[in-house]
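Chain by chain, the residues run as shown.
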Amino acid sequence: YGGNIKGIISKLDYLIGLGINAIYLNPVFLSDSYHRYDIIDYYELDPVFGGKDELRELVDLCHSKGIKIIFDGVFNHTSDKFFAFRDVLEKGEASSYKQWYFVDSFPAVNYPIPNYECFSFYGGMPKLNTANPETARYLFDVVKYWTLEFGVDGWRFDAADEVARKFWRDLRREIKALKKDVVLIGEIFDEASSWLEGDQFDTVLNYPVKEFINDLFAYRSIDVELFKMRINSYIMKFNKNVLNSMVNIISTHDTPRFLTLCHGDKKRFELAVVFQFTFPGVPLVYYGDEVGMEGETDPDCRKPMVWDEGKWDRSILDLYRFLIETRKESIALRVGEYSDLCTEGDKGVLAYKREYGTERIVVVMNTYNHNAGVTIELGNSFRGLARMEDLREKEFIPVEGCKIKLSLKPMEWRIYKAAEE
């Protein structure tokens, strides 16, 4: 669609105004597909995106504004036009690169079905043998090159659970020794605790929690009690530091946009966004969600960003700006302990708190389509507190005996902070 590095540079003021502090790019390396997940050359930017001088300009500008740049590393497979696989096709068993792939027999053929392992059974994406030392060394050097030469701050690794674990352990040792604060993010769709023990990834895209969010807010297939049970079971799998670094998502380039999952229901969408920004972890905003973009599965969810401001939903944009700013100002929302809260009254009310030191945040949302009355037990850490402040409406409510009483409109949410006396 014509998007490129210069385009990102031209929109940096918009991104700064939104409040983001990191940009994750899908693959930017040479490829001949629209998605760029079949890489032909890992050392060259695709010309449609621009040149290396433009990349340096983008990284330097972002760093000057406190914004990090995260690249997408596709190390599970390559294009069938990648130099090593071309050599295998041309030389067969005599190829020096035959151990880089999983070829069942020679010659390697794509038709009628590939006789080599590939991603998603597609012959244009032959699977790499990352257990092969030469293959691993080549890919380690790729990460080093972009990290050290261009100042890339982090990597999101595609199809990470299909790659040899030894590869990730060795990569982590090498890259962290060169740049200790580089962030390594795995794409793991399933339960990921075994990948987050300090020897592989720093974090993963949080697809399990996305499924819980889908079920409660989009599909409405579970109730609040079951949602709380699933969330608490999830939390028990991770230590606090890992939990606070998980990348929380509601939309991605691989899934329908969340507003579409909600059939355009803005209230349900808003509840999901509020949860995403107030639950432990790092919120990832998929471009366009913040202005109300919709889209079904690939390629519809990958439509270009709408830059016609007349087509933006300003109320959604205001919500994102409020939540981003609130999270930046609240250490409790960034790293605080999470606990759900006991409620008396309507069962469709979800309430939980985030606490760090003396800072206490309470989030309440009515998941029902009707008015709800509720009494919320805040716990002993709120003892002696007289009132709480609604962070959006700037209004105060009384706290009586560690409890607050609320009347909520359909799909209404509120974020409260313990008020200074």
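Everything below is about the structure printed above this text.
Bear in mind that the values here come from a model prediction, so they are computed numbers and not experimental data.

Criteria and cut-off values
Residues numbered from 1 in each chain as written. Predicted model: local features only at pLDDT ≥ 70, side-chain atom pairs only at ≥ 80, totals over all residues. Heavy atoms only, no water. Helix = DSSP H or I, 4+ residues; strand = E, 2+ residues; numbered from the N terminus. Buried < 20%, exposed > 50% of the residue type's maximum accessible area, 1.4 Å probe, protein only. Contact = heavy atoms within 4.5 Å. Areas by Shrake-Rupley, 256 points an atom, 1.4 Å probe, with all protein chains shown as cover. Lys, Arg positive; Asp, Glu negative; His and termini not counted. Charge placed at Lys NZ, Arg CZ, Asp CG, Glu CD. Core = buried A, V, L, I, M, F, W, Y, C linked by side-chain atoms within 4.5 Å. Patch = residues over 30% accessible without salt bridge, like charges linked within 9 Å, V, L, I, M, F, W, Y side chains within 5 Å. Salt bridge = Lys/Arg side-chain N within 4 Å of Asp/Glu carboxyl O. Phe/Tyr/Trp six-rings, centres within 6.5 Å; stacked < 30°, edge-to-face > 60°. Pairing = 2+ DSSP bridges. Axes fitted to C-alpha atoms, helices over the stretch in contact; angles between N-to-C directions. Parallel < 35°, antiparallel > 145°, perpendicular 65-115°, else oblique. Expected span 1.5 Å × (residues − 1). Arc of directions from axis to C-beta. Polar contact = N/O pair within 3.5 Å; in protein donor to acceptor, adjacent residues only side chain to side chain.

**Remarks on the overall build of the protein chain**
Along its length, the protein chain carries 13 helices and 18 strands. Along the longest, intermediate and shortest principal axes, the C-alpha atoms of the protein chain span 80 × 40 × 40 Å. In the protein chain, which comprises 421 residues, the proportion classed as buried is 55%. Pairs at least 24 apart in sequence give 66% of the contacts found in the protein chain among residues at least 6 apart. As presented, the protein chain carries roughly 18800 Å² of accessible surface, and 51% of it is formed by carbon and sulfur atoms. Positive and negative charge centroids in the protein chain, built from 54 and 67 side chains respectively, lie 4 Å apart.

**Quick word on the nonpolar core**
With 114 residues, the main nonpolar core has Phe-217 and Phe-275 as its most contacted residues. The element contributing the most residues to this core is helix H5 (residues 133–150), with eight residues. Ranked by size, the runner-up nonpolar core spans 19 residues in total, among them Leu-341, Val-364, Leu-378 and Met-388.

**Some words on a negative patch on the surface**
On the surface, Asp-161, Glu-162, Asp-190 and Glu-191 cluster together into a negatively charged patch. For Asp-190, the position within the fold is in the loop between strand S6 (183–186) and strand S7 (203–204).

**Regarding the packing of aromatic side chains**
Considering all chains together, one arrives at 49 aromatic pairs under this definition. Judged by centre distance (5.3 Å) and plane angle (90°), the rings of Phe-83 and Tyr-97 are edge-to-face. Of this pair, Phe-83 sits in helix H4 (residues 83–91) while Tyr-97 is found in the loop between H4 and H5, placing the two residues 14 residues apart along the sequence. On the accessibility criterion, Phe-83 (30% relative accessible area) is partly exposed.

**As for the environment of Asp-104**
On the secondary structure map, Asp-104 appears in the loop between H4 and H5. Separated by 13 residues in the primary sequence, Asp-104 and Glu-117 place their C-alpha atoms 8.0 Å from one another. If we ignore the near neighbours within four places in the chain, the residues touching Asp-104 are Asn-115 and Tyr-116.

**Section: the pattern of salt bridges**
Using the criterion set out here, one finds 29 salt bridges in the structure. The partner of Lys-6 in a salt bridge is Glu-54, with the nearest N and O atoms 3.6 Å apart. Of the two residues, Lys-6 sits in helix H1 (residues 5–10) while Glu-54 sits in helix H3 (residues 52–64), which places them 48 residues apart along the sequence. With relative accessibility at 19%, the residue Glu-54 sits in the buried group.

**Focus: the sheet that holds S6**
Strand order in the open sheet made by the five strands is S1-S4-S5-S6-S7, with parallel pairing throughout. Each edge of the open sheet carries a strand with a single partner, namely strand S1 (22–24) and S7. Pairing geometry for strand S4 (residues 68–73) and strand S5 (residues 154–157), over four bridges, is parallel. Bridged to Asp-72 within S5 is Arg-156.

**Some thoughts on the pairing of strand S12 (residues 349–356)**
With seven of its eight residues buried, S12 lies for the most part within the structure. In the sheet, strand S10 (residues 337–340) pairs with S12 via four bridges, with the strands oriented antiparallel. For Asp-340, the partnering residue across the bridge sits in S12 and is Tyr-352. As paired elements, S12 and strand S13 (residues 359–366) share eight bridges and run antiparallel to each other. Following the sheet pairing, Lys-353 is matched in S13 by Val-362.

**Details of the pairing of strand S17 (residues 403–408)**
Side chains of S17 alternate between two faces, with Ile-404, Leu-406 and Leu-408 buried and Lys-403, Lys-405 and Ser-407 left unburied. In this sheet, S17 lies alongside strand S14 (residues 372–377) in antiparallel orientation, the contact comprising six bridges. Across the sheet, the residue bridging to Gly-373 is Ser-407, located in S17.

**Some remarks on the packing of helix H7 (residues 207–218) against helix H8 (residues 224–235)**
A packed helix pair is summarised by two numbers, namely the angle formed by the two axes and the spacing between the axes. As a packed pair, H7 and H8 sit with axes 10 Å apart at the nearest point and diverge in direction by 175°. Viewed along their axes, H7 and H8 adopt a mutual orientation that is roughly antiparallel. Counting all contacts with H7, which are made through Val-209, Phe-212, Ile-213, Asp-215, Leu-216 and Phe-217, the residues of H8 involved are Val-224, Phe-227, Arg-230, Ile-231 and Tyr-234.

**With respect to H8**
In a regular helix each residue adds 1.5 Å, so twelve residues correspond to 16 Å; H8 covers 16 Å between its end C-alpha atoms and thus fits that length. By the burial criterion, the buried members of H8 are Val-224, Phe-227, Lys-228, Ile-231, Tyr-234 and Ile-235. When H8 is viewed along its axis, its buried side chains cluster within an angular range of 125° and face the same direction. Where H8 starts, the residue carrying a side-chain oxygen 3.3 Å from the main-chain nitrogen of Glu-225 turns out to be Asp-223.

**Let's talk about the sheet that holds S17**
Taken in spatial order, the three strands make up an open sheet running S11-S14-S17, and their pairing is antiparallel. In the strand order of this sheet, the two ends are held by strand S11 (342–345) and S17, each with one partner. Taking the axes of each pair of neighbouring strands and ignoring which way they run, one obtains an average angle of 25° across the sheet.

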